[in-house]
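Architecture and fold: a report
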Amino acid sequence: MSIVETERVEAVEPVAPAEPVERTEGAAARRNSAAEAPAIITDLFDAMTRRGMSLVDVTWEQHRLHESRRWSVMEMLADVDLESLTPLDRTLVWNAGRAELTTKPGADRLERQAEAECRRWQESNPAVAAIMQACGTWSRYWNEEEAHHETVFNRLADLGGMDPISDETFIAFRQVFPDDDMLRTLVLLAISEITAAVNYGQCQHVIQDEGLRRIFKQVAADEIQHRNYFVSFAKALVDSGEYHAKDAFAVAHLFLREDGELQGSARDQLEERGTHVNWWDQLDTGDSDFRPEALEKKEQLICGALRKITGIEVHTREEVEDTWMDLVGS
Amino acid sequence: MVTPGVESYIRQKFAEHAGLSEDQLFVDDVTLAAVIGRSPRMTNSIDLMEAFARTANALRKDYGVRVRLPALPLDTPVSTVLKVFIEEFERQKKEAAA
């Protein structure tokens, strides 16, 4: 087994799942790992227990990956030809801006919940506490990257004279999702990132303006990177033996089942949640026939995430349901 | 024709997995949102889904019939859920026998 099993972030094709890249290196090499391309640690539990990586080591890996992927909203915006945008382009930008408003409360919540979970596990299982701390620490990078997404789309919508987002909507979309079991939380966030990445990937195919297409491509690649992090943290919790694979499958089933969350705003009846806004419930493509669903691709990526998190191989939503039912028991 | 005993079996199993009495669920005919609110074992709709899954698994074990429930909105009353459960049970039982 390698010292650091990592997952590189796809820079070009955001919807294709990346396979883990294994590295074999000793502690000294790890200390000099700036020479290696930055990557996500995909076997975090093993890294932090058997291989002895510290939180400082893990944070270094998180930081250099974040730093290597930084990009400028202002530079990206400068390359968009506002006059050339089609009505569909404008709708896609407007929806993306609204959707991205919900990520800040997600990241704020993750930071708070991971910190609380870290304290909860500190005495009974220090390895789990360390994983929670690594997750909470990473949430600052996630929040910063999502800030880029939110502002690039909303600034573009504003410059293009699109329907303004009222302060009431802004505040409503900032509502915080209620707390839940940490494994379920991480799997839900992984699936949310998959959904966003596939949607943005689909949008690229219908956008004509090169500058705008580049923005969607960059944001999709970021979302895939976030998915990889959530999968890594979720896998670490399952590997610790303190969290059960059934909960990962439960969340996947919630999305994949008939009339499930993956159907988003296309569902006949949406829940009146009252507590928070799920961005996928709020997409509004107006008079356009275009809907960036690609449900099969999402199903495939969700099954892939489940395999990485739990080690259990499934290929269809029916298999997800069957496996979940078996894991639940009676 | 409903299989004798199956309705009370579903009521009992669902109440057990929700951590509530049958009266708390069925006398008031509460909604699924209220079930989550009242249950000491539920935080959100994933727990509710799991209580249905455990009930379905118990049915499969004791009656040999596999029931799959559709996604039901949280304002659905439990009487409707029970009806859907029984209809699905009878449909699956008939298909299995065909």
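Residues numbered from 1 in each chain as written. Chains lettered and ligands numbered in written order. Predicted model: local features only at pLDDT ≥ 70, side-chain atom pairs only at ≥ 80, totals over all residues.

Before going further, it helps to spend a moment on the overall build of chain B. In terms of regular secondary structure, chain B is built from five helices and zero strands. Counting from the amino terminus, helix and strand elements in chain B follow one another as α-α-α-α-α. On C-alpha atoms alone, chain B measures out to a radius of gyration of 13 Å, which is about the 13 Å that the 2.2 N^0.38 rule sets for 98 residues. Across chain B, contacts joining residues at least 24 apart in sequence account for 55% of those joining residues at least 6 apart. (Helix = DSSP H or I, 4+ residues; strand = E, 2+ residues; numbered from the N terminus. Rg over C-alpha atoms; globule rule 2.2 N^0.38 Å. Contact = placed C-beta atoms within 7 Å.)

Here we come to the interface of chain A and chain B. At the junction of the two partners, chain A supplies 17 residues and chain B supplies 15 residues. If you list the elements that add at least two residues to the side of chain A that touches chain B, you get helix 11 (245–256) and helix 13 (317–328) of chain A. Residues of the side of chain A that touches chain B, tallied by class, amount to seven nonpolar, four polar and six charged. (Nonpolar A, V, L, I, M, F, W, Y, C, P; charged D, E, K, R; others polar.)

With that settled, consider the environment of Asp179(A). Among the structural elements, Asp179(A) can be located in the loop between helix 8 (167–173) and helix 9 (182–206). A residue is classified by how many C-beta atoms lie within 10 Å of it, and Asp179(A), with 14 of them, is partly exposed. (Buried ≥ 20, exposed ≤ 12 C-beta atoms within 10 Å, placed from the backbone.)

Despite not being glycine, Asp259(A) has its phi angle at roughly 65°, a positive value. Within the fold, Asp259(A) resides in the loop between helix 11 and helix 12 (295–310). Notably, Asp29(B) is not glycine yet its phi reads approximately 50°, a positive angle. Following the sequence through the fold, Asp29(B) ends up in the loop between helix 2 (22–27) and helix 3 (32–38).

Axis separation between helix 13 of chain A and helix 4 (residues 45–63) of chain B bottoms out at 9 Å; the angle between their running directions is 80°. Relative to helix 4 of chain B, the element helix 13 of chain A is oriented roughly perpendicular. Here Trp324(A), Met325(A) and Val328(A) of helix 13 of chain A come into contact with helix 4 of chain B, specifically with Glu50(B), Ala53(B), Arg54(B), Ala56(B) and Asn57(B). Broken down by class, the residue content of the contact of helix 13 of chain A with helix 4 of chain B amounts to five nonpolar, one polar and two charged. (Axes fitted to C-alpha atoms, helices over the stretch in contact; angles between N-to-C directions. Parallel < 35°, antiparallel > 145°, perpendicular 65-115°, else oblique.)

Attention shifts here to the environment of Lys235(A). All names here are of chain A. Its location among the elements puts Lys235 in helix 10 (residues 210–239). Between the C-alpha atoms of Lys235 and Leu44, which are 191 residues apart in sequence, the distance is 7.9 Å. Here Lys235 is in contact with Lys308 and Ile309, once residues within four sequence places are set aside.

What follows concerns the packing of helix 11 of chain A against helix 4 of chain B. Contact geometry for helix 11 of chain A and helix 4 of chain B: axes closest at 10 Å, N-to-C directions at 95°. Taken together, helix 11 of chain A and helix 4 of chain B sit at an angle that is classed as roughly perpendicular. Side by side, helix 11 of chain A and helix 4 of chain B meet where Ala250(A), Val251(A) and Leu254(A) of the first sit next to Ile46(B), Met49(B) and Glu50(B) of the second.

Everything listed is a geometric property; what it means functionally is a separate question.
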